[in-house]
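# Summary of structural features
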Amino acid sequence: MITIRRRYKDFDMVLFAMTFIILLIGLLAIHSATQSKGLVLSESYTLKQLTWLGVGILLLIITIRVSYHKFLDIAYMLYIANILLLVLVLVMGHVRLGAQRWFSIFGFAFQPSEFMKISLILALSSYVGQKKGAMDSLESLIIPTILMAIPFVLVLVQPDLGTALLLVPVFFAILLVGGAKPKYLIRMILLGLACMPVFWHFLRDYQKQRLLVFINPNADPLGAGYTIIQSKIAIGSGGLFGKGWLNGTQNQLNFIPERHTDFIFSVIGEEWGFLGALMLVLLFFLIVHRAFNIGNLTSDRYGKCIATGIAVLFGLQVIINIGMTIGLMPVVGIPLPLVSYGGSSLLTTLIAIGLLLNVGMRRSTF
Amino acid sequence: MRDRFLITTLSLLFILIIAGLFFNQVLLSGYYSKLSRNNSIRVIPISGTRGNIFDRTGRPLVTNRLSFDVAIIFQEIGDRRKLVNLLKRELGFSGAQIMSALEKAGNRPYEPVTIAEDIDKEKALALEESSFDVSGLIIETRSRRNYLYKHFGCHIFGYLGEVTANELETLKDYGYRMKDLIGRDGLEKYYESYLRGADGGIQVEVDSRGHQTRILGLKEPQSGQNLQLTIDMSLQLVCDKLLGDHKGAILVMDPRNGEILALASHPTFDPNTFVRSGTSQNRLKLLNDKVGRPMSNKAISGIYSPGSVFKIVTASAALEQKKITPYTRFFCSGSYNLGHTQFDCWKKGGHGPQNIVEGIMNSCNVFFYNTGRALGVDRLELYTRFFGYGKATGIDLTDEVKGIVPGKGWKRSHKKGAWYEGETLNYAIGQGYLSVTPIQVLNMISAIANNGNLVRPHLVRRVGANDLQNQKPKKIGLKDGTIREVRKGLFEAVNNESGTAKRSKPAGTIAAGKTGTAQNPQGRTHAWFCGFAPYNDPKLCLVVFLEHGGKGGLEPAEIARGLFEEARAGGYL
């Protein structure tokens, strides 16, 4: 009894509660996005998301109860298994002539690239943690770079530009708190930027198109540009107080494609207005803040790396997703964590939250 | 301390997002509200037209024409009765048809839903006039594929079909949308990525009554690239005429560079049948015809026994391997005994003593039984492959098949048995397990015409503004002497009074060739002819194949003569 109480003494109740509030907001938004007055739309999106949520909560409990060091022990195995799944998706995609990011299991799409984010954070943390204080040499950066580069390339060729680019800042953040010399990291970033023209060459046409549309939405009024303009109209017309739940006209009239997944925030922005949107953004920020806090409080180097990695991952996903709905970021296909419809993203985020809570409550044990 | 840097960076980004939201939702809220109230942005797609196809002389073969569709925007229907009356009067719709059309339109009330496709121009004009006072009805124009020669050349062009939901999943990244047409066969499929244009569109602001007030964005559609073929349409039409009601295929090619001048396969279909969306009786009939199989291109997808035309390979192999010389003679008594089995020549009384040239000229089976035995199955298999059998020729069409080149290994793995000597005898005269496509036979005769060089047959010489490079010919490695003897045999077959291919002898030029009559388990024999002209400087080679067409020396040889003469008239010889 005493041990249990002691273990949960440091349990971050605020983070936990925040997660569930956002999940609830997400379900309401998905329901609104997939229904429409007068027209019958599939109700199954909300139900499917609820099913995923059930599985997700189960995973959340598991990741909280099992010490995160158990996960670190098998970090490389998880990493390799995840890489194999990525390769498998590519091979299956090739057989089916074209791009494919997911497996279909019982009608549910399963996306290995989402889970790769966690596998990479665990693998990098495991490496950096083992190194103790010896991360300040240039040689010690070689293996982490390889660990990042393999999934980066595999995800990029899927092609999933957004997820691939997301892995990079997470990688740098973990190395930074892990003790790598900032001057080496800056050099790596500069080298990466210098390689951008080469990188551009390898992008598919439609990916280039999306990045160009970011600069000028009218360049492609049929595709990505149309979505951005419609999304801005939806969010902008929400005004200060919003049109009310289920009352967003922009969303109900089929104007925004992918409005239950990547563009879910435009539904929230329209129906809940600036005040609602601001509240959601602040909730997200609070989670990021708690995550950094957990990283700061723990004396365990492994735990610090995990918490920081997750904080950066989570924060950037929110910023990029909301940024693209209001035209501040290119449309790169990154879901809004805990809110967007989609099982793989939801499960990944819940596992990440579980790991955070895990690190937090065991901070005095290690 | 290091995480302070990260926290600060992320915090700044969050502030940026909040500022962006404030900007859009508070400062610009009025502007966006107005746009939203009028639900005022529409996208009108403009399809890029598909590339045209021309023959080698520049004659248009496949183009696009303007067509008219009738569509309804359910939300904008004003007087329903007026609309119903108009549809009844102008399009002859029945009550039930109108009900189902309205129901269809009601499912997607805010967009135009097509209810009648490709109507007459006069009707379209009449409707367009009436649609001023009947709101909700619009006439849409779009370009449709037009196969100018209908049935003729259908297997070269292929046809178009709508992308399926499954295909769309992977194709949407390449700009395909629902109801887009995609090449389903022939050049339309093979050159899809060149022929297809890129869609464009205009984005307009409309007021609450649906009138355009302002153009917000324009993306020009891009046309696909044109193809110029190696086909000569007048020669193609001759082939189609000569094939007539026969089932079979004709191929005509320039042996020097692999340019196909004509490719016909019968029975045919009209690709225009597939241009309209939805299903139709005619289309189902074509797709379900399992007997005539009009959709299949027999020239590249049909496999048959080659019969005696294959003796060209046997003869070449034996000369190359020095199993026979030009002076070797075998005596034909009318049959050949192997153990207790008797293998017959096609001529009852026998041909008497035969050398290689006479053997080819008379198509003497006994001569080739002897030759085949001397060669053995392994060498025969090797040379069969040298001549390009057993693999695709690489013509720029889809669905080319490889055929079967048998041998000891093949028999072990496919028939689970040992190779019999008797099978070697059948092999040598082009019977047995050996299965070939007409285009492979064309490849073989072209190699003989082109001094032992295999060229890659192709149909397209120019895509857009770019001439396609011919692939370098591949040497089989035959000696000059070998080719000379085989050619002499082919010359005699056509030009000698008693040659088996004498009916193919054209006026005005000297041809050489070989007939074939292939037995098959399905019924009447398949009839073949392959040949080239002029004899001294071959500029054209051809294959005529008639499925269950009887004897190669009769109809195919006569068709070939007609073709040689037409080609001469056309300036090819």
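To keep things clear, this report deals only with the structure shown in the data block. (Residues numbered from 1 in each chain as written. Chains lettered and ligands numbered in written order. Predicted model: local features only at pLDDT ≥ 70, side-chain atom pairs only at ≥ 80, totals over all residues. Heavy atoms only, no water.)

## A closer look at the overall build of chain A
Short version of the rule: Numbering of helices and strands runs from the N terminus, with a helix taken as a DSSP run of H or I at least four residues long and a strand as a DSSP run of E at least two residues long. Buried residues are those whose accessible area, probed at 1.4 Å on protein chains only, stays under 20% of the maximum for their type, while exposed residues exceed 50% and partly exposed ones sit between those limits. Contacts were defined at the residue level, with two residues in contact if any of their heavy atoms lie within 4.5 Å. Residue exposure ignores everything except the shown protein chains as possible cover, and the areas themselves are Shrake-Rupley values with a 1.4 Å probe.
Helices and strands together make up the secondary structure of chain A, namely 16 helices and two strands. The proportion of buried residues among the 366 residues of chain A is 57%. Sequence-distant contacts, at least 24 apart, represent 75% of the contacts inside chain A between residues at least 6 apart. Here chain A displays about 15000 Å² of accessible surface, and carbon together with sulfur accounts for 71% of that area.

## Details of the overall build of chain B
Summing up its helical and strand segments, chain B has 21 helices and 23 strands in all. A buried classification covers 54% of the 573 residues belonging to chain B. Here the contacts in chain B between residues at least 6 apart in sequence split such that 70% fall between residues at least 24 apart. Roughly 25800 Å² of accessible area belongs to chain B as shown, and the carbon and sulfur atoms make up 51% of that amount.

## Some thoughts on the layout of surface pockets
Our working rule: A pocket here means an open set of points on a 1 Å grid, computed over the protein atoms alone, that has protein on both sides within 12 Å along at least five of seven lines. A cavity is instead a set of points where a 1.4 Å probe fits but cannot get out; residues with an atom within 4 Å of a point line either one. Grid points are joined across faces, edges and corners, and a volume is the space filled by probe spheres set on the points.
Its boundaries defined by the atoms lining it, the second largest pocket holds a volume of some 1800 Å³. In terms of lining, the second largest pocket is formed by 49 residues, of which the most central are F152, L165, V168, P169 and F172 of chain A. Those elements that place two or more of their residues in the lining of the second largest pocket are α7 (142–156), α8 (161–178), α9 (182–194), α10 (196–202), α11 (205–215) and α15 (301–325) of chain A together with α1 (2–27) of chain B. A total of ten residues in the lining of the second largest pocket trace back to one element, the largest contributor, which is α8 of chain A.

## Re the packing of helix α16 (residues 377–386) of chain B against helix α18 (residues 421–428) of chain B
Residues and elements named next belong to chain B. Short version of the rule: Every axis corresponds to a line fitted to the C-alpha atoms, with the helix fit spanning only the stretch in contact, and the corresponding angles, defined between N-to-C directions, vary from 0 to 180 degrees. The scheme is simple: roughly parallel for angles under 35 degrees, roughly antiparallel for over 145, roughly perpendicular for 65 to 115, oblique for anything else. The hand of a helix crossing depends on one turn: near helix anticlockwise from the far one by less than a right angle means left-handed, and clockwise means right-handed.
One way to put it is that α16 packs onto α18 with a least axis distance of 10 Å and a crossing angle of 30 degrees. On the basis of the axis angle, α16 is roughly parallel to α18. The chirality of how α16 crosses α18 is left-handed. Along the contact surface, α16 presents V377, L380, E381 and T384, while α18 presents T424, Y427 and A428.

## Re α7 of chain A
What counts here: Here the expected span of a helix is defined as 1.5 Å times the quantity of residues minus one.
An ideal rise of 1.5 Å per residue puts 21 Å on 15 residues; α7 of chain A measures up with 21 Å between its terminal C-alpha atoms. Every buried residue belonging to α7 of chain A is among P144, L147, M148, P151, F152, L154, V155 and L156 of chain A, and all of these are buried.

## Considering the pattern of salt bridges
Residues and elements named next belong to chain B. Cut-off, in case you're wondering: By convention in these notes, a salt bridge is any Lys or Arg side-chain nitrogen within 4 Å of a carboxyl oxygen on Asp or Glu.
Counted according to the given criterion, the structure contains 29 salt bridges over all chains. Two residues, D55 and R59, come together in a salt bridge whose shortest N-O distance is 3.3 Å. For D55, a relative accessible area of 0% corresponds to the buried category. The closest approach of N and O atoms between E558 and R503, which form a salt bridge, is 2.9 Å. In this pair, E558 sits in helix α21 (residues 555–569) while R503 sits in the loop between α20 (480–495) and β21 (512–520), placing the two residues 55 residues apart along the sequence.

## Let's talk about the nonpolar core
Our working definition: Buried residues of nine kinds, namely Ala, Val, Leu, Ile, Met, Phe, Trp, Tyr and Cys, make up a nonpolar core once their side-chain atoms join them within 4.5 Å.
Residues F265, F284 and L355 of chain A together with L21 of chain B are the most contacted members of the largest nonpolar core, which totals 116 residues. Residues contacting L355 of chain A, with those up to four places away along its chain left out, are T63, Y68, F71, I118, L122, I306 and I310 of chain A. Listed in part, the 89 residues of the second largest apolar core include V275, F387, L490 and F532 of chain B.

## Regarding the environment of F545 of chain B
All names here are of chain B. Locating F545 in the fold gives a position in strand β23 (residues 540–546). Separated by 297 residues in the primary sequence, F545 and G248 place their C-alpha atoms 5.3 Å from one another. Residues within four places of F545 in sequence aside, it is in contact with K247, G248, A249, Y304, P438, H526, A527 and W528.

## Thoughts on unusual backbone geometry
The linkage connecting H266 of chain B with the following residue, P267 of chain B, adopts the cis geometry, with an omega of 0 degrees. Position of P267 of chain B among the secondary structure elements: in the loop between β12 (259–266) and α11 (281–288). Here the bond from A533 of chain B into P534 of chain B is cis, since omega is -15 degrees, no more than 30 degrees from zero. By the secondary structure assignment, P534 of chain B is in the loop between β22 (523–533) and β23. One non-glycine residue, L338 of chain A, lies in positive phi territory at about 70 degrees. Relative to the elements of secondary structure, L338 of chain A occurs in the loop between α15 and α16 (343–361). Classification of L338 of chain A by relative accessible area gives buried; the value is 3%. The phi torsion at H548 of chain B lies on the positive side, around 50 degrees, for a residue other than glycine. Along the chain, the position of H548 of chain B falls in the loop between β23 and α21.

## Points about the sheet that holds β23 of chain B
Residue and element names in this part refer to chain B. For the record, the criterion: Strands are treated as partners if at least two bridges between them are detected by DSSP.
Taken in spatial order, the five strands make up an open sheet running β12-β11-β23-β22-β21, and their pairing is antiparallel. A single partner strand is all that each edge strand has here, and the edge strands are β12 and β21. With strand direction ignored, the average angle separating the axes of adjacent strands in the sheet is 10 degrees. Together, β11 (248–254), β12 and β23 form the strand contacts of helix α10 (residues 233–243), whose direction differs from that of β12 by roughly 30 degrees.

## Describing the packing of helix α14 (residues 264–297) of chain A against α15 of chain A
All names here are of chain A. Rule in force here: Residues are grouped as follows: Ala, Val, Leu, Ile, Met, Phe, Trp, Tyr, Cys and Pro are nonpolar; Asp, Glu, Lys and Arg are charged; all remaining types, including Gly, are polar.
At a minimum axis distance of 9 Å, the contact between α14 and α15 shows a crossing angle of 165 degrees. Classified by the interaxial angle, the pair formed by α14 and α15 is roughly antiparallel. Between α14 and α15 lies a crossing whose hand is left-handed. Together, F265, S266, V281, F284, I287, V288, A291, F292, I294, G295 and N296 of α14 and K304, A307, T308, A311, V312, F314, G315, V318, N321, I322 and T325 of α15 make up the contact between the two elements. Of the residues in the contact of α14 with α15, the class split is 14 nonpolar, seven polar and one charged.

## Notes on the side chain of D3 of chain B
Applicable threshold: Counting rule applied: Lys, Arg positive; Asp, Glu negative; His and chain ends not counted.
Looking at the secondary structure, you find D3 of chain B in helix α1. Put simply, D3 of chain B is tucked away with no salt bridge, and the nearest opposite charge, on K304 of chain A, sits 4.9 Å away. In this view, D3 of chain B contacts V177, F292 and N296 of chain A; residues no more than four positions away in its chain are not counted.

## What about the environment of K514 of chain B?
Residue and element names in this part refer to chain B. The test is simple: Definition of a polar contact: a pair of N or O atoms within 3.5 Å, with one able to donate and the other able to accept a hydrogen when the atoms are protein atoms, and with sequence-neighbouring residues admitted only if both atoms are side-chain atoms.
Within the secondary structure, K514 is located in strand β21. Sequence separation between K514 and S363 is 151 residues; the distance between their C-alpha atoms is 8.2 Å. Apart from the residues within four sequence positions on either side, K514 is in contact with S308, V309, K311, I312, I360, S363, L490, T500, W528, F529 and C530. A distance of 2.8 Å separates the side chain of K514 from the side chain of S363, its partner in a polar contact.

## Examining the packing of aromatic side chains
Residues and elements named next belong to chain B. Put simply, the test is: Ring pairs are drawn from Phe, Tyr and Trp, using the six-membered ring of Trp, whenever the two centres fall within 6.5 Å, and their geometry is named by plane angle: stacked under 30 degrees, edge-to-face over 60, tilted for the rest. Sitting over a ring, as applied to charges here, requires NZ of Lys or CZ of Arg to be within 6 Å of the ring centre and within 35 degrees of the ring normal.
Enumeration over the complete set of coordinates arrives at 27 aromatic pairs over all chains. Relative to F386, the ring of Y383 has its centre 5.0 Å away and its plane inclined at 75 degrees; by these criteria the two rings are edge-to-face. With Y383 and F386 both in helix α16 and three residues apart, this pair spans about one turn of that helix. Overall, Y383 belongs to the buried group, its relative accessible area being 7%. With centroids separated by 5.9 Å and ring planes inclined at 55 degrees, the aromatic side chains of W419 and Y427 adopt a geometry described as tilted. Neither W419 nor Y427 differs from the other in exposure class; each is buried. Across the ring face of Y176, the terminal group of R196 is positioned such that the distance to the ring centre comes to 3.7 Å.

Honestly, that's just the spatial picture; any functional story needs more than this.
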